[in-house]
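Residue strings, one per chain:
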Amino acid sequence: MDLFSPPSDSVKPFTLDNEDLIASICKHYTKEVGFRREVLGMLRAEWVNGQYRTLPEIKSFVASYWNSIQ
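Residues numbered from 1 in each chain as written. Predicted model: local features only at pLDDT ≥ 70, side-chain atom pairs only at ≥ 80, totals over all residues. Heavy atoms only, no water.

**What to know about the nonpolar core**
By size, the foremost hydrophobic cluster in this structure holds 13 residues, and its most contacted members are Ile22, Cys26, Phe35, Val39, Leu43, Ile58 and Val62. Listing elements by their share of this core, those giving two or more residues are helix H1 (16-27), helix H2 (33-48) and helix H3 (55-69). Broken down by element, this core gets its largest block of residues, five residues, from H3. (Core = buried A, V, L, I, M, F, W, Y, C linked by side-chain atoms within 4.5 Å. Buried < 20%, exposed > 50% of the residue type's maximum accessible area, 1.4 Å probe, protein only. Helix = DSSP H or I, 4+ residues; strand = E, 2+ residues; numbered from the N terminus.)

**As for the packing of H2 against H3**
With their axes 11 Å apart at the nearest point, H2 and H3 run at an angle of 125 degrees to one another. As far as their axial angle goes, H3 and H2 are oblique. Crossing of H2 against H3: the hand is right-handed. Across the interface between the two elements, Phe35, Glu38, Val39, Met42, Leu43 and Glu46 of H2 pack against Ile58, Phe61, Val62, Tyr65, Trp66 and Ile69 of H3. Of the residues belonging to the contact of H2 with H3, the class tally is ten nonpolar, no polar and two charged. (Axes fitted to C-alpha atoms, helices over the stretch in contact; angles between N-to-C directions. Parallel < 35°, antiparallel > 145°, perpendicular 65-115°, else oblique. Left-handed = near helix turned anticlockwise from the far one by under 90°. Contact = heavy atoms within 4.5 Å. Nonpolar A, V, L, I, M, F, W, Y, C, P; charged D, E, K, R; others polar.)

**Observations concerning the pattern of salt bridges**
Throughout the structure, instances matching the rule amount to two salt bridges. Of the charged contacts, one joins Arg44 and Glu19 as a salt bridge, the two residues approaching to 2.4 Å between their closest N and O atoms. With Arg44 in helix H2 and Glu19 in helix H1, the pair connects residues that are 25 residues apart, well separated along the chain. Note that Arg53 is salt-bridged to Glu46, the shortest N-O span being 2.6 Å. (Salt bridge = Lys/Arg side-chain N within 4 Å of Asp/Glu carboxyl O.)

**A few points about H2**
Helix length check: H2, at 16 residues, gives a terminal C-alpha distance of 22 Å against a target of 22 Å (1.5 Å per residue), a fit within 8%. The secondary structure elements touched by the buried residues of H2 are H1 and H3. Positioned one or two residues after H2, Gly50 has a phi angle of 90 degrees, which is positive. (Expected span 1.5 Å × (residues − 1).)

**With respect to empty space enclosed by the protein**
Per the counting criterion, the structure on display carries one cavity of 30 Å³ or more. In this structure, the largest cavity encloses a volume near 50 Å³. Forming the boundary of the largest cavity are Val11, Pro13, Leu43, Glu46, Trp47, Gln51, Tyr52, Arg53 and Ile58. Ranked by residue count, the leading element in the lining of the largest cavity is H2, at three residues. Of the residues contributing to the lining of the largest cavity, the split by class is six nonpolar, one polar and two charged. (1 Å grid on protein atoms, 1.4 Å probe; cavity = no way out; pocket = protein on both sides within 12 Å on 5 of 7 lines; lining within 4 Å. Points joined across faces, edges and corners; volume = space filled by probe spheres on them.)

In structure tokens form, the structure reads like this:
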């Protein structure tokens, strides 16, 4: 494995399919577009900085973020 490659089970938040997947997770909490944009922005920033997340980690991240802003 290349040290600079993300793990194979990580979800890249830049592809359209994964954006839709992340948006569907966000819609479970709210239909507000701003919330989805914030989550995608944070996940993309983490990805660029080398913090890769799997799907269960993304679900947990969205839930904890939603709870923190309530």
